[in-house]
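# Structural characterization, general
Here are the chains, one letter per residue:
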Amino acid sequence: MVCFLFSVNVIFCQSLSNSFLYPNNFTSGVDHSHAFIDSTKFVIYLPSFQFGLEQEGPTFSSYFRTDDSGRVLIDPLQALEFASDENSIRSGGELTGIGFGVKLNDRISILGRYSANYIADVDYPLDALTLLTRGNSILLGTDVDLSFTSQSQAYHQYQLSFNYKAKKFTAGVGVAYLSGILDASVERSQLLLEVSSFFYSIRANTDFRLNATNTIVYEGLDDVFLFYDGSFADSFISSDFGLGLELYADYMVAEDTKIKAKLSGLGFINWESNPKNYSSFEQGSFSGFNVLDIITRNQSIAYLDSLENLINLVKTTESYRTTLPINVDIAVHHQFNDDLMFSLAGNYIDFSTGSVFQLGLAANYKVFKKLVLAASVNNHSRQGPTVGGGLSIAFRNFSIWAYTGNIAVINNQLNATTSSASLGMKINFGNQNTSLVTAIPEGK
């Protein structure tokens, strides 16, 4: 059995969350114009968090256990009983540390913010998990596909965004500097073994490359660690850097109906500070041994029974680049009356290993001026229908919101097959300078 040591506390939180479904889910990204209340001039986003999660096979939490000394270990053997033929974990989350926006006039608003983001996209077959936990005993007489893919990383984001409104149309753009924290990305994934049943000969056909920064320590097939040394502060502005772009638009179809769309994940990160690359590109074979050689007295046997030498992973330290998964949000909001709004929204993310989506229909009801309750029905690409809900509440200029796409798992999000959630706070203050408003004629 191989256990992986994970020596950093959970610190983070592109998000796989259907954020457009709830109009009072005030995210602090490029879609920020609607967060201003009446004529307030400024908005401060306090720490907020949103994430999404879709899993097949073992859930994220089933890999973790705590030993007697309090260390958190990743234990594949514990997760084996929940595995299926194909297993995956896809998740994205964002923790906004602080954001500050100003509404210059009725048309123009700008915002700057900092956030910590993570993306987890791992897809692996049952063979890979079984070999890791049970060893060579599974190999006899089988063809084993150990191929797996991954695009898992965390990074800091420093974003400046701009919104401009012209009559019924609003457009927004956000540009971000990205500072990498850690990464584990598979560039090529082929790891195939063919094993005969009687003579125990093995053929390997590999075209594999794993790039990693601050995550993987490999000393052999029986000595692999997932490790982060906890130098979170050193990564705020590091040599692992990149750029991100986010685009937003909404259009007022009628007085009571609006269409919104956002495209994010247009970006890349260059990993240069501590890269490690593990590659195997060859065809090899172990011819095995004849059973008669074993039972013949004084017979000298020489053979190589080593998967490590057969696969022949080569370690290098080349810098590399990763791209972010494309994230698309689209929604229609309809104000039925003064108190009731309906919304239809979808979220789609194109990961390197495949795509996930969710589509939701929500009703948002204003109980009184400062309290809005929401209920939704959502369809997910993995699980199917779930019931969601949440609320937003205001105290003077202070607002808080909390939403989930799956109420059934609200107490145990990480064990869910499908889940999404958001929680945040903001403060509005100041009065807009009306002279700036009238200075620009409508429609110009």
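Residues numbered from 1 in each chain as written. Predicted model: local features only at pLDDT ≥ 70, side-chain atom pairs only at ≥ 80, totals over all residues. Heavy atoms only, no water.

### Some remarks on the layout of surface pockets
There is about 1,600 Å³ of room inside the second largest pocket. Around the second largest pocket, the lining comprises 50 residues; the ones closest to its centre are Pro23, Asn24, Phe26, His34 and Phe36. Split into classes, the residues belonging to the lining of the second largest pocket amount to 16 nonpolar, 14 polar and 20 charged. (1 Å grid on protein atoms, 1.4 Å probe; cavity = no way out; pocket = protein on both sides within 12 Å on 5 of 7 lines; lining within 4 Å. Points joined across faces, edges and corners; volume = space filled by probe spheres on them. Nonpolar A, V, L, I, M, F, W, Y, C, P; charged D, E, K, R; others polar.)

### Observations concerning the packing of aromatic side chains
Counted according to the given criterion, the structure contains twelve aromatic pairs. Relative to Tyr403, the ring of Tyr22 lies with its centre 4.3 Å away and its plane at 10 degrees, an arrangement referred to as stacked. One end of the pair, Tyr22, is in the loop between β1 (4–5) and β2 (40–45); the other, Tyr403, is in strand β24 (residues 398–404), and 381 residues separate them in sequence. Here Tyr22 matches Tyr403 in class, with each residue buried. (Phe/Tyr/Trp six-rings, centres within 6.5 Å; stacked < 30°, edge-to-face > 60°. Helix = DSSP H or I, 4+ residues; strand = E, 2+ residues; numbered from the N terminus. Buried < 20%, exposed > 50% of the residue type's maximum accessible area, 1.4 Å probe, protein only.)

### Notes on a nonpolar patch on the surface
Together, Phe169, Tyr251, Val253, Ile259, Val328, Ile330, Val332, Leu344, Tyr348, Phe357, Leu359 and Leu361 make up a nonpolar patch on the protein surface, roughly 1,000 Å² of accessible area in all. Going through the elements one at a time, β14 (241–254), β19 (326–335), β20 (340–351) and β21 (354–368) are the ones with two or more residues in the nonpolar patch. The class of Ile259 is partly exposed, set by a relative accessible area of 36%. (Patch = residues over 30% accessible without salt bridge, like charges linked within 9 Å, V, L, I, M, F, W, Y side chains within 5 Å. Areas by Shrake-Rupley, 256 points an atom, 1.4 Å probe, with all protein chains shown as cover. Salt bridge = Lys/Arg side-chain N within 4 Å of Asp/Glu carboxyl O.)

### A closer look at the side chain of Asn406
With respect to the secondary-structure elements, Asn406 resides in the loop between β24 and β25 (418–431). The class for Asn406 is buried, based on a relative accessible area of 4%. In this structure Asn406 touches Gln383, Thr386, Val387, Gly388, Thr418 and Ser419, once residues within four positions along its chain are discounted. (Contact = heavy atoms within 4.5 Å.)

### Considering the pairing of β14
Note on strand geometry: in a regular strand, side chains alternate between the two faces of the sheet. Where strand β10 (residues 169–195) and β14 come together, eleven bridges link them in antiparallel fashion. Counterpart to Ala176 in the pairing with β14 is Gly244. Examined bridge by bridge, β14 and strand β15 (residues 257–271) share twelve bridges and lie antiparallel to one another. Bridged to Leu243 within β15 is Phe268. Hairpin connection from β14 to β15: two residues lie between these consecutive antiparallel strands. (Pairing = 2+ DSSP bridges.)

### Some words on the confidence of the model for the protein chain
In this model, the protein chain carries an average pLDDT of 80, and 79% of its residues clear a pLDDT of 70 or more. In the predicted structure, residues 1–13 sits below a pLDDT of 50 and forms 54 contacts with residues beyond four places in sequence or in another chain. (pLDDT = per-residue confidence, 0-100.)

### Some remarks on the environment of Gly29
By the element assignment, Gly29 lies in the loop between β1 and β2. The exposure class assigned to Gly29 is buried, which follows from its relative accessible area of 6%. In contact with Gly29, other than residues within four places in its own chain, are Leu111, Arg113, Gln159, Ser161 and Glu246.

### Some remarks on the pairing of β19
Bridge count between β15 and β19: eight bridges; the pairing is antiparallel. The residue of β19 that forms the bridge with Lys258 is His333. As paired elements, β19 and β20 share ten bridges and run antiparallel to each other. Note that in β20 the partner of Gln335 across the bridge is Met341.

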